[in-house]
Amino acid sequence: MRMRKKPNLLPRMEKAGATLIKEPETMPGKWKESFPGYKELWLELGCGKGRFTADTADANPEAFLVAIEKVPDAMVVGMERVVSRGIENVRFMDRDVVLLPEIFAAGEVDRVFINFCDPWPKSRDAKHRLTAPGFQRLYADVLPLGGEIHFKTDNLPLFQWSLEQFALEGWELKEVTNDLHANGICGIMTDYEAKFHAEGIKINRLVAVKTADTKTTADGEVERLRNASLSDARGRQENQE
């Protein structure tokens, strides 16, 4: 669903502007120096309206969380949430994920969150999935050995495909589940997650840990993905490409 444009977006962005990193390309290697006193640097990809962002930062004051979102109309809601609650260990930025190596130095990020990303169900679009091998190598570039990716989705075919890709790219997989909240709410929810859970839709989750065998961009270009179409969690079957 496309978010409706907010006519008052700019004044709202300006009012919450202290939470926005306007020139993140000047920050590689300087994040922990610029925001001292935190044990770890965490990164959230596609934060949307920032429910998970605000709650995660609030619950983990020892970590500094950077949230990326390409839709300012959604991001401003997250910025306002953080400001209204007085949460200081969060910053937002409007950038594309492909620019991560230009924003963070090698090994500078300790953890990456990917929550309910677009499944891009057609095979020809598989390279755009945030768990595709090309993106995984970007994450591996900015994570240290032992660094983690936390991935959640309601889309089981996407999850199963992602499991295969993480394994092929040399990540260690742990905490793999197809029903995260089977025994009650587990962890911090996103807005989408709360909605899906209320509808009885199961949530899939994994943690991928960078190892000495994990591939990075230094390992070269990723081979073209083939036969990678998905059916989504609600039973729709995409045409094979």
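What you see is a predicted model, and the numbers here were worked out from it, not measured in a lab.

Enquirer: Can you help me understand the packing of aromatic side chains in this one?
Expert: Centre distance and the angle of the planes are the two values used to describe a pair of aromatic rings. Applying the stated criterion to the full structure yields 10 aromatic pairs. Taking 5.3 Å as the distance between ring centres and 50° as the angle between the ring planes, the aromatic pair formed by Y38 and F64 counts as tilted. Of this pair, Y38 sits in the loop between α2 (31-34) and β1 (40-45) while F64 is found in strand β2 (residues 63-68), placing the two residues 26 residues apart along the sequence. Ring centres 5.6 Å apart and planes at 75° place the aromatic pair W42 and F113 in the edge-to-face group. Highlighted residues: W42 in strand β1 and F113 in strand β4 (residues 111-115), separated in sequence by 71 residues. For the residue pair W42 and F113, the accessibility class agrees, reading buried in each case. Pairwise contacts between aromatic rings join W31, F35, Y38, F64 and F104 into one cluster. Seen from the ring of W42, R111 lies directly overhead, with NZ or CZ sitting 4.2 Å from the centre. Sitting above the plane of the W161 ring, R129 keeps its charged end 4.6 Å from the centroid.

Enquirer: Please explain the layout of surface pockets as it appears in this structure.
Expert: By rolling a water-sized probe across the atoms, one finds the places where empty space is left. In this model, the second largest pocket occupies a volume close to 360 Å³. Along its surface, the second largest pocket is lined by 18 residues, and R124, A126, K127, R224 and L225 are the ones closest to its centre. Across the lining of the second largest pocket, the residue classes break down as 7 nonpolar, 4 polar and 7 charged.

Thresholds applied
- Residues numbered from 1 in each chain as written.
- Predicted model: local features only at pLDDT ≥ 70, side-chain atom pairs only at ≥ 80, totals over all residues.
- Heavy atoms only, no water.
- Phe/Tyr/Trp six-rings, centres within 6.5 Å; stacked < 30°, edge-to-face > 60°.
- Helix = DSSP H or I, 4+ residues; strand = E, 2+ residues; numbered from the N terminus.
- Buried < 20%, exposed > 50% of the residue type's maximum accessible area, 1.4 Å probe, protein only.
- Lys NZ or Arg CZ within 6 Å of the ring centre and 35° of its normal.
- 1 Å grid on protein atoms, 1.4 Å probe; cavity = no way out; pocket = protein on both sides within 12 Å on 5 of 7 lines; lining within 4 Å.
- Points joined across faces, edges and corners; volume = space filled by probe spheres on them.
- Nonpolar A, V, L, I, M, F, W, Y, C, P; charged D, E, K, R; others polar.

By themselves, these are just geometric observations and shouldn't be taken as functional.
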